[in-house]
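Descriptive analysis of the structure
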Amino acid sequence: MRARASVVLAEEHESARLAFCALFPRFPIEAFSTGQVDAVDNVRGIVYHVVTVNFSYACWIARVLGRLDFEVEKQEKAAFQARVRSFTSAGEFEEGSRIAAARYYAALAEIAFDDLDRDFKTNWGPMLSIEAMLEHA
């Protein structure tokens, strides 16, 4: 049952990702090239945040399961964030979203049934199970 719940969460996540990207044409073209990516008070900043945290969840899952070294994780996340930080169009952000989602679903595919309810330290401190992290995502 727990494995099926994770699949359903992943499917829901993909539906939400596609719906999010479907909103992009509603915004002026310049909304993706103006505004600070470090703030969530503008379109570019919100889209940057959503795209990069998806990648971050994938890295966290891989790291806590022992498949990704912490230093490598930091380097990969920094490189991805720098790449997304340079995006200035809806198409680029959508491509970044697809890349992050592919990484996320690859991490999900490697989760063993017994690992779903094990608690791991989050990047912000508390302990959460992978299942709870998927719900959070």
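Residues numbered from 1 in each chain as written. Predicted model: local features only at pLDDT ≥ 70, side-chain atom pairs only at ≥ 80, totals over all residues. Heavy atoms only, no water.

Looking at the environment of Ser56
Within the secondary structure, Ser56 is located in helix 2 (residues 43-64). Excluding its chain neighbours within four sequence positions, the residues that come into contact with Ser56 are Lys77 and Asn123. For Ser56, the side chain forms a polar contact with the side chain of Lys77, separated by 3.3 Å. (Helix = DSSP H or I, 4+ residues; strand = E, 2+ residues; numbered from the N terminus. Contact = heavy atoms within 4.5 Å. Polar contact = N/O pair within 3.5 Å; in protein donor to acceptor, adjacent residues only side chain to side chain.)

Describing the packing of aromatic side chains
Summed over the entire model, instances satisfying the criterion amount to eight aromatic pairs. Seen from their ring centres, Phe32 and Phe93 are 6.1 Å apart, and the 45° between their planes marks the pair as tilted. Highlighted residues: Phe32 in the loop between helix 1 (2-22) and helix 2 and Phe93 in helix 4 (residues 90-109), separated in sequence by 61 residues. Residue Phe32 is classed as buried on the basis of its relative accessible area of 1%. Among the aromatic side chains, those forming a connected cluster through ring pairs are Phe20, Phe24, Phe27, Phe32, Phe87 and Phe93. (Phe/Tyr/Trp six-rings, centres within 6.5 Å; stacked < 30°, edge-to-face > 60°. Buried < 20%, exposed > 50% of the residue type's maximum accessible area, 1.4 Å probe, protein only.)

Regarding the packing of helix 2 against helix 3 (residues 70-85)
Contact geometry of helix 2 with helix 3 gives a least axis separation of 10 Å together with a crossing angle of 160°. Here helix 3 runs roughly antiparallel to helix 2, going by the angle between their axes. Viewed along their axes, helix 2 and helix 3 form a crossing whose handedness is right-handed. Facing Arg44, Tyr48, Val51, Thr52, Phe55, Ser56, Cys59, Trp60 and Arg63 of helix 2, the residues of helix 3 in contact are Phe70, Glu73, Glu76, Lys77, Phe80, Gln81, Val84 and Arg85. Here the contact of helix 2 with helix 3 is composed, by residue class, of eight nonpolar, three polar and six charged. (Axes fitted to C-alpha atoms, helices over the stretch in contact; angles between N-to-C directions. Parallel < 35°, antiparallel > 145°, perpendicular 65-115°, else oblique. Left-handed = near helix turned anticlockwise from the far one by under 90°. Nonpolar A, V, L, I, M, F, W, Y, C, P; charged D, E, K, R; others polar.)

Side note on the pattern of salt bridges
Any two side chains of opposite charge can pair, so long as their charged atoms come close to each other. Under the definition given, this model contains ten salt bridges. Two residues, Arg118 and Asp115, come together in a salt bridge whose shortest N-O distance is 2.6 Å. By relative accessible area, Arg118 is classed as partly exposed at 41%. (Salt bridge = Lys/Arg side-chain N within 4 Å of Asp/Glu carboxyl O.)

Quick word on the side chain of Thr122
Here Thr122 shows up in the loop between strand 1 (119-121) and strand 2 (127-129). Those residues within four positions of Thr122 in sequence are excluded, and the remaining contacts are Trp60, Leu128 and Met133.

A word on the nonpolar core
Counting residues in hydrophobic clusters, the biggest one holds 19 residues, and the most contacted among them are Phe24, Phe32, Val47, Phe80, Val84 and Phe93. For this core, the elements supplying multiple residues, two or more each, are helix 1, helix 2, helix 3 and helix 4. For this core, the element with the most residues is helix 2, which contributes seven residues. Residues Val64, Leu65, Leu108 and Leu134 belong to the second largest nonpolar core, which totals 16 residues. (Core = buried A, V, L, I, M, F, W, Y, C linked by side-chain atoms within 4.5 Å.)

Focus: the confidence of the model for the chain
Per-residue confidence for the chain gives a mean pLDDT of 89; residues scoring 70 or more make up 95%. In the model of the chain, helix 5 (residues 130-136) stands out as the element of lowest mean pLDDT, 78, in contrast to helix 3, which has the highest, 96. (pLDDT = per-residue confidence, 0-100.)

Structural notes on helix 3
Taking 1.5 Å of rise per residue, the 16 residues of helix 3 would be expected to cover 22 Å, and the 22 Å separating its terminal C-alpha atoms lies within 8% of that figure. Listing the buried residues of helix 3 in full gives Glu73, Lys77, Phe80 and Val84. The arc that holds the buried residues of helix 3, viewed along the axis, is 65°, so those residues lie on one side. Turned more than 90 degrees away from the buried face of helix 3, the exposed residues are Gln75 and Ala79. Of the surrounding elements, those touching the buried residues of helix 3 are helix 2 and helix 4. Where helix 3 begins, the capping side chain belongs to Asp69, and its oxygen is found 3.0 Å from the backbone nitrogen of Glu71. (Expected span 1.5 Å × (residues − 1). Arc of directions from axis to C-beta.)

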